Amino acid sequence: MSISLNTPFRYTGISQDEADFLMHHYQQRGYRMKKYLNEDVRLWDVVVSLPERDRFPKTPLSMLNPLWR
């Protein structure tokens, strides 16, 4: 299972409080991010590099409907 760590995710047009919350949230988890001023100077954009996997983890059998098995 390979992981790509350079997948950018962008939050656009968010308030100062929301941008600060996201920065704090992602810094605690060790992700790289940047905060930019939006075209509307009252809003911010946040870009964070999130890990992405090739496949989703297998669904536990207890969560599958017996008719689907």
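Values in this document were obtained by computation on a predicted structure and should not be read as measured data.

Below, the discussion takes up the pattern of salt bridges. Scanning all chains against the criterion turns up two salt bridges. For D20, the salt bridge is made with K35, and the minimal N-O distance between the two is 3.1 Å. Remark: K35 occurs in strand 2 (residues 33–37) and D20 occurs in helix 1 (residues 16–28); sequence separation between them is 15 residues. Its relative accessible area of 36% is what places D20 among the partly exposed residues. The class for K35 is partly exposed, based on a relative accessible area of 27%. Two residues, R42 and D40, come together in a salt bridge whose shortest N-O distance is 3.0 Å.

To continue, consider the nonpolar core. By size, the foremost hydrophobic cluster in this structure holds eight residues: I14, A19, L22, M23, Y26, M33, V46 and V48. Mapped by element, the contributors of at least two residues to this core are helix 1 and strand 3 (44–53). Among the elements that line this core, the one with the most residues is helix 1, at four residues. With residues up to four places along the chain from it excluded, the contact list for V48 reads T7, P8, F9, Y11, Y26, Y31, R32 and M33.

Before going further, it helps to examine the confidence of the model for the chain. A low pLDDT score tells you not to read the predicted coordinates there in detail. This prediction gives the chain a mean pLDDT of 85; 90% of its residues lie at or above 70. Mean pLDDT across the secondary structure elements of the chain bottoms out at strand 1 (residues 3–14), with 81, and peaks at helix 1, with 94.

What counts and how
Residues numbered from 1 in each chain as written. Predicted model: local features only at pLDDT ≥ 70, side-chain atom pairs only at ≥ 80, totals over all residues. Heavy atoms only, no water. Salt bridge = Lys/Arg side-chain N within 4 Å of Asp/Glu carboxyl O. Helix = DSSP H or I, 4+ residues; strand = E, 2+ residues; numbered from the N terminus. Buried < 20%, exposed > 50% of the residue type's maximum accessible area, 1.4 Å probe, protein only. Core = buried A, V, L, I, M, F, W, Y, C linked by side-chain atoms within 4.5 Å. Contact = heavy atoms within 4.5 Å. pLDDT = per-residue confidence, 0-100.

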